[in-house]
Structure formats: structure tokens, C-alpha cells
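For reference, the chains in residue letters:
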Amino acid sequence: MDDFNDIVSDVLINCKINLENKILNNESILGLYYIKQYLYEENTLSNKNQFLINELINIINKSTYMNYFFKDIKFSIFLTLLKTLQNIKLEDIYKKDFFKVYVVFDDFVNIYENKDLIQMMFPQDKLSEYLKFMYEVIMEDKDFFKRTLLEKEKIIYKFHSLTVSFYERNIQAFKELFSYLYELFERAIKLDDEDFVLFLYTPLQFSWNAVSTTQEEFKYFNEKVEKKLETYIKESMIKKYELKPISKNYKEKKVIKVAFLQERLINYSIYKVLYSLLSALKKQDNDKYEFIILDLNFQQFGGSDNETVNEIKNLGYEYIDCHTETIGKRTPFFSYSEKCIKLRELIINEDIDILVGMHSQPEYNFLFTTRTAPLQIYWSHGNFMYDIENIDKKIKHGDFLINEIIYDKYKYLQFGDVVDKKYLDPFIDKNVIEVEKLKYPKNSLIIGTIGRLSKINSDEYINIIDEILEKNENVIYIAAGSGDIDSIKLKINKSTLNRWYFCGEVNAHLYGHIIDIWPNTFPNPQGLSTLEFMAKGKPVLTMKNNFHDFEVQEKYNQQRTDKFKDFKMNTVNIHEYKRSLELLIQNKEAREVIGKIILESIEKNYFDSFSSIRRFIEILEE
């Protein structure tokens, strides 16, 4: 105990020197944190150290230090830890006091610089506690809704955007975040706080949909948020701004203008599909349609990437940065109603005939609901429950053999996946592949997937992989991607856990050469990353799901895999899935033959885009 108190004394004396110099170093704060951890283990502080703690608290509470609390968040963290050492039973009260400073703290750069200290106080497993305390502080502010729009936006930016940047996606915590935000959303609607209603949409959408894996969850969001926002726009904004629906006969025009409205241009799967479609359209003879890219460049997650914007500009299409045109400066804090109204005027002035919305942001709802173009199309990239009244057609890319597909009560017109070859199979140096393979056991057979870990987080899927690993000691599973690793690990058998490799976000093309077999996730399959893997000429196994027409796919694929009677590329139940995966693991020839068949399919149906483009144009004309 004397040794412990000697160490505590050294830490506290160093803290006093820091305060005298009005500079706090991380080592002092870490020292206080570890002292607190030792107190949990029933260690006690000496009277001398208790006196030192009281002295430090008295020093930092002097008025000369007050300004530092609003310049450097470290001072608030420091005081929170000191008070906790003074009385650890009141720790929750002191943590909540920290958020009373944090919610109004304005220096976002300083917050980012000290995120490690914030995560030290509230580690990943304390995310729910972090959200609860911050929400309580927000709700206890009786004048919160009287604050300026900028003040409210900054508070919610910290509550949501900084939170999702600092922490891994945790299903329970993110849905708690959604429930907190939803209460603010409902109150904002009742108060007719127009800009704040629109601002809250993105935090709501991301906190719910980012951890959702089923269409039922997407449907819940549509009913709770999308429809409520649609009603608000109809009953408040359309009347207030006297917005008239656009109606004109555009089909007789010599050139029909089609605008793709994208939330932001960054190098992710939705962009890759858009780029590939636009690239393929450029190669076709076309004098009937003019295509324009409208970039919302939404700023809550940093906006569009310059390199990606330049890539799409180089295709030769007209490109409009809608954020610059409507708001001007790059900032996540602005009037959403101003952006929506100016954006609507921009689209009308551009004489857009067909508006294709590719995501879900408040601007999409506003533009669709106010009837901004004669033909309004929603292009789904996985959420098939998105629905508001003024959507005229719903489309999706997918199986090249299917022209339309029904989800719930919604009809989707479908065109074949179009993915530019440079996205599916770029060159990877063999030496780089071999070096990366050294991270994994030599001579092991590697099965795995790449993408959101929430798609792995299925009891049935994890159980099958565990069974396969139990039976085959030379097999390992790579789970590449971001997400809630801890909740997945809780479902994995202890006997196989050491053969599950969670390697974070990776180069999908590099790992496409490392993974041998792709047992696709279910009930929610991986998307573009599956195509990227297939383009490497390797076998993929898929369970029947709501995203593909399996009957047609199976008939097409089974004609070419009859040599292996026990194998089905597209399985309809657990038994078929396990049997087919076992065959691929045990039979090298099967892996090679089926991989070759898959590669031939990719080359025929994805690299050769003529039929998909023809179908896309048909959809515009239907």
C-alpha cells in the first residue's frame, strides 16, 4: 500500500507542476486515470494524497483557470478525474459534469486532438454510458430549443458525428443514440423548428441504418422518420414557401436531361456503381439523353473527395457541386432549408426532366415531396423500404437476368450490375500478396468475407462457420471490415475463436487474392465486395435472400456446375449451404472449376455492359 501511495504522490506532484505552468500533459492525466483504476480494486489513498487532491481541485477551481476550460478539453477531463479520486462513489455525477462543459465546448480541433483521452474515460464498452450522460445534459438544458441554430447543430454534431468517428458501430448503443435523437426530432417538429428538423435527419439515418441489416429495420426507419419528414414538408414547408409541383411533357423533347443526385462523391461502393454506369453510358451511341451529376457534397462526414470528383469530371459530364452553389463555404453547420430551397430552384433552372435520387438524405425527401422534376426515380443500393409518395419509379442494379423484382409491396425495375473493370480487378503485385499472407498460419485454407461486420453478426451464420472450423483444423476465417467486433466474439465458440481473424478495413483487392473461399453472409449478403472477389476467379457460396432472384440464378449456374452434384452456388437452406462449403474446402478441383465458371460469368455480364445499359435506357423510357 505504501508503494501505491508513493506512486500516487509522484503523479499528484507532477500534476501540481503542470497546473503552475498552466499546461497539462497527457502523462499526468493518464496517471490520474490509472490511480482511479487501482481504487476500484479497494486500494485506499493516504491522508497526504487526499490533501494533495483537495489542493489541486482548489487550485484549478480558481477564476484564473476558468478560461482554460473553454480552450482545452483536457482541463475538464483533469478535473473530472481529480473529483473522482476525491470521492469515487460520486463518479457518475462528475462524469455528467464533464458533459456540461463538453456540450458547449466549441474547439472541435482540440476535441479531435484529445479524443484518446475521451476514449480513455469512456472506452468502447462504455459507449452507452457516454451517450446517456450527454443526452441527459442536453435534455436538462431548458433553453436548448431557444439556442441559435448554429449552437444546436454544434451540440448534435458532437453528440452524433464525433461519436461515430470515435467509436466502432455498436448495434445497441447506436440504436440508443437513435432513440435520443428521435425524441429531439419529434420535439423539433412540434416546435416547427424547420432547420433543426432537417439537420437531425442525417444523424437519425446514420445511427439507425448504419447498424441495420434487415428490410424490416429499414421499413421501421421509413415509417418513423421518412414519412414523418414527408408530412412535415407537406404541411409546413410547401405552404410556407408556396412551392408548386413541376409538371411538363418532356418526352417530346429532342434531348431529355437526366440528373443523378448523389449524397457525396467518395470512393465507396455506391460511387463505384455510379461511375461504372456513367462510364458505360459514355461508350454507347446516345443522342437522346443528357446526363448530369448533382453532388450534394454533404458535410456532416467531410463532404466529397477531390480526387473522386476529378475522376467523375474526367468522364466529360456536367458536374455541379450543389453545396458550393447553394451554401458556399464547406461547413457542416448551415441552414438545411436554405440549401433545399436553393437546390430545388437550381434543378428547375437546369430544366431537369428526370431526377434520380441515389440515397436518403433530407434533400431527397424535400425534392421528391415538392415534385421537383416531372419524373422522379429512387435508385436503391440495398434499402428497398424507402418510400414517399412522389417517387414515380424505383430501380436497382443486380442480377442481369431479372428485369423486375418485388420487395414487400414495392416493385423495382432492375438492370444488370455495371462495374468498371478497374474497380473489380485492379493489378496487385504478387510480392505484396505474399507478404500479407505471412500474417496468417502457413498452409491454412482461408475462408472469409470483406464488408460491414454487422452482416456477419447473425447467429446462424456464425454457427455454420464455427462448425466448419471445428471439423477442419487447417481452415481459418478472415472477417475484414469495421463494426462491433465484441458482440460477434460473444457468439463464437471459444474453441474456434483463435481462428477468426478480425483485421479491420483492408484493401479488398489485396484480400481477394488471400481469401480462398467466400461463404457469403446471410440473411444480409455482402455487396460489391462479393463481385470484387468473384473477379479474382474464386468460388462464392450464397444463401437464399431477399436481394436476389435465386430461382433464375440457380437454374443458370447449376447448368455449369453439374460435375459436382453436391455443390450449389446458390443454396436455399442451411443443409445445402454447409454441404456445399464442405465440398469446396475438401475438393481443390471444385474450387478451381467453380472459380473459373464464376470468372467467365463476371467477364460476360459485368465487363461487357451493353445489355445492362440497354436495360437502363428502357427503364427511363417505360
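The structure presented is a predicted model; accordingly, all values stated were derived computationally and were not measured.

### Observations concerning the nonpolar core
Okay, so step 1: In terms of nonpolar packing, the biggest core is built from 215 residues, with Y102 and F291 touching the most fellow members.
Okay, so step 2: Looking at which element gives the most residues to this core, the answer is helix 11 (residues 171–190), with ten residues.
Okay, so step 3: Beyond its immediate chain neighbours, meaning those up to four positions away, Y102 contacts I73, I111, I118, Y130, M134, K158, L162 and F166.

### A word on helix 11
Okay, so step 1: Counted at 1.5 Å a residue, the expected span for helix 11 with its 20 residues is 28 Å, and the 29 Å between its end C-alpha atoms agrees.
Okay, so step 2: For helix 11, every residue scored as buried is listed here: A173, F174, L177, F178, Y180, L181, Y182, L184, F185 and A188.

### Section: the sheet that holds strand 5 (residues 375–380)
In a beta sheet, neighbouring strands are held together by backbone hydrogen bonds and run either parallel or antiparallel to one another.
Okay, so step 1: Ordered by their spatial adjacency, eight strands build an open sheet running 3-2-1-4-5-6-8-7, and the pairing between neighbours is mixed. Edge positions in the sheet fall to strand 3 (318–321) and strand 7 (404–407), since each has one partner strand and no second. Averaged over all adjacent pairs, the angle separating strand axes in this sheet is 30°, with direction ignored.
Okay, so step 2: Sheet topology places strand 2 (residues 289–295) next to strand 3; four bridges connect them, and they run parallel. Its bridge partner lying in strand 3, L294 is registered against I320.

### Observations concerning a nonpolar patch on the surface
Okay, so step 1: A cluster of nonpolar side chains, contributed by L30, Y34 and Y38, occupies part of the molecular surface with about 310 Å² of accessible area.
Okay, so step 2: Within the secondary structure, L30 is located in helix 2 (residues 26–40).

### With respect to the side chain of S360
Okay, so step 1: Mapping S360 onto the fold places it in the loop between strand 4 (354–357) and helix 18 (362–369).
Okay, so step 2: On the basis of relative accessible area, S360 is assigned to the buried category, the value being 6%.
Okay, so step 3: For S360, the side chain forms a polar contact with the side chain of Q205, separated by 3.1 Å.
Okay, so step 4: Those residues in contact with S360, other than ones at most four positions away along the chain, are Y201, Q205, E226 and Y386.

### Topic: helix 13 (residues 215–241)
Okay, so step 1: Maximal helix bending in helix 13 amounts to about 40°, located at N222.
Okay, so step 2: A positive phi of about 50° marks E242, the residue just after helix 13.

### Description of the environment of A188
Okay, so step 1: Along the chain, A188 falls in helix 11.
Okay, so step 2: With 43 residues separating them in the primary sequence, A188 and F145 have C-alpha atoms 7.9 Å apart.
Okay, so step 3: Residues in contact with A188, not counting those within four places in the same chain, are F145, D193, F196, V197 and L200.

### Examining the pairing of strand 5
Okay, so step 1: The buried count for strand 5 comes to six of six residues, which makes it a mostly enclosed element.
Okay, so step 2: With four bridges connecting them, strand 4 and strand 5 associate as parallel partners. Opposite G357, over in strand 5, you have Y378 as the bridge partner.
Okay, so step 3: The handedness of the strand 4 to strand 5 crossover, carried by helix 18, is right-handed.
Okay, so step 4: Bridge count between strand 5 and strand 6 (residues 393–398): four bridges; the pairing is parallel. The residue bridging I377 from the neighbouring strand is K393, located in strand 6.

### Describing the pattern of salt bridges
Okay, so step 1: Summed over the entire model, instances satisfying the criterion amount to 36 salt bridges.
Okay, so step 2: Note that E230 and K234 form a salt bridge whose closest N and O atoms lie 3.9 Å from each other. One end of the pair, E230, and the other, K234, are both in helix 13, four residues apart, so they sit about a helical turn from each other.
Okay, so step 3: The partner of E389 in a salt bridge is K234, with the nearest N and O atoms 2.9 Å apart. Taken together, the positions of E389 in the loop between strand 5 and strand 6 and K234 in helix 13 put the pair 155 residues apart, joining distant regions of the chain.

### Concerning unusual backbone geometry
Okay, so step 1: In this structure, the amide linkage connecting F522 to the following residue, P523, adopts the cis form with an omega of 5°.
Okay, so step 2: Take P523: it is sitting in the loop between strand 12 (518–519) and helix 24 (528–534).
Okay, so step 3: Backbone geometry places E242, a non-glycine residue, at a positive phi of 50°.
Okay, so step 4: Turning to its location among the elements, E242 is positioned in the loop between helix 13 and strand 1 (256–262).
Okay, so step 5: In the Ramachandran plot, R371 falls in the positive-phi region, its phi being about 50° despite a non-glycine side chain.
Okay, so step 6: Along the chain, R371 turns up in the loop between helix 18 and strand 5.
Okay, so step 7: Residue classification places R371 among the buried positions, given a relative accessible area of 14%.

### Regarding the packing of aromatic side chains
Okay, so step 1: A complete count under the given rule lists 53 aromatic pairs for this structure.
Okay, so step 2: Both rings, one in Y289 and one in F291, keep their centres 6.1 Å apart while their planes meet at 25°; by these two values the pair is stacked.
Okay, so step 3: The rings of F178, Y182, F185, Y201, W208, Y220 and F221 are connected pair by pair, giving a single aromatic cluster.
Okay, so step 4: A cation over a ring is seen here: K152 above F196, with NZ or CZ 5.2 Å from the ring centre.

### Regarding the packing of helix 9 (residues 127–140) against helix 10 (residues 149–166)
Okay, so step 1: One can describe the packing of helix 9 onto helix 10 by two numbers: an axis separation of 11 Å at closest approach and a directional angle of 170°. With respect to each other, helix 9 and helix 10 are oriented roughly antiparallel. Between helix 9 and helix 10, the contacting residues are L127, Y130, L131, M134, Y135 and I138 on the first element and I155, K158, F159 and T163 on the second.

### A few points about the sheet that holds strand 9 (residues 445–450)
Okay, so step 1: Strand order in this open sheet of three strands is 9-10-11, and the pairing throughout is parallel. Across the chains shown, the open sheet's two edge strands, defined by having one partner strand only, are strand 9 and strand 11 (500–504). Each strand axis lies, on average, 20° off the axis of its neighbour in the sheet, ignoring direction.
Okay, so step 2: Its contacts with the sheet place helix 21 (residues 459–471) against strand 9, strand 10 (475–480) and strand 11, and it is angled at close to 150° to strand 10.

### Description of the confidence of the model for the protein
Okay, so step 1: For the protein, per-residue confidence averages 90 on the pLDDT scale, and 95% of positions sit at 70 or higher.
Okay, so step 2: When pLDDT is averaged over each element of the protein, strand 4 comes out on top at 98 and helix 25 (residues 550–558) at the bottom at 54.

Scoring rules and cut-offs
- Residues numbered from 1 in each chain as written.
- Predicted model: local features only at pLDDT ≥ 70, side-chain atom pairs only at ≥ 80, totals over all residues.
- Heavy atoms only, no water.
- Core = buried A, V, L, I, M, F, W, Y, C linked by side-chain atoms within 4.5 Å.
- Buried < 20%, exposed > 50% of the residue type's maximum accessible area, 1.4 Å probe, protein only.
- Helix = DSSP H or I, 4+ residues; strand = E, 2+ residues; numbered from the N terminus.
- Contact = heavy atoms within 4.5 Å.
- Expected span 1.5 Å × (residues − 1).
- Pairing = 2+ DSSP bridges.
- Axes fitted to C-alpha atoms, helices over the stretch in contact; angles between N-to-C directions.
- Patch = residues over 30% accessible without salt bridge, like charges linked within 9 Å, V, L, I, M, F, W, Y side chains within 5 Å.
- Areas by Shrake-Rupley, 256 points an atom, 1.4 Å probe, with all protein chains shown as cover.
- Salt bridge = Lys/Arg side-chain N within 4 Å of Asp/Glu carboxyl O.
- Polar contact = N/O pair within 3.5 Å; in protein donor to acceptor, adjacent residues only side chain to side chain.
- Bend = angle between axes of the 7 residues up to and from the residue.
- Right-handed = clockwise from strand over helix to strand, strands pointing away.
- Phe/Tyr/Trp six-rings, centres within 6.5 Å; stacked < 30°, edge-to-face > 60°.
- Lys NZ or Arg CZ within 6 Å of the ring centre and 35° of its normal.
- Parallel < 35°, antiparallel > 145°, perpendicular 65-115°, else oblique.
- pLDDT = per-residue confidence, 0-100.

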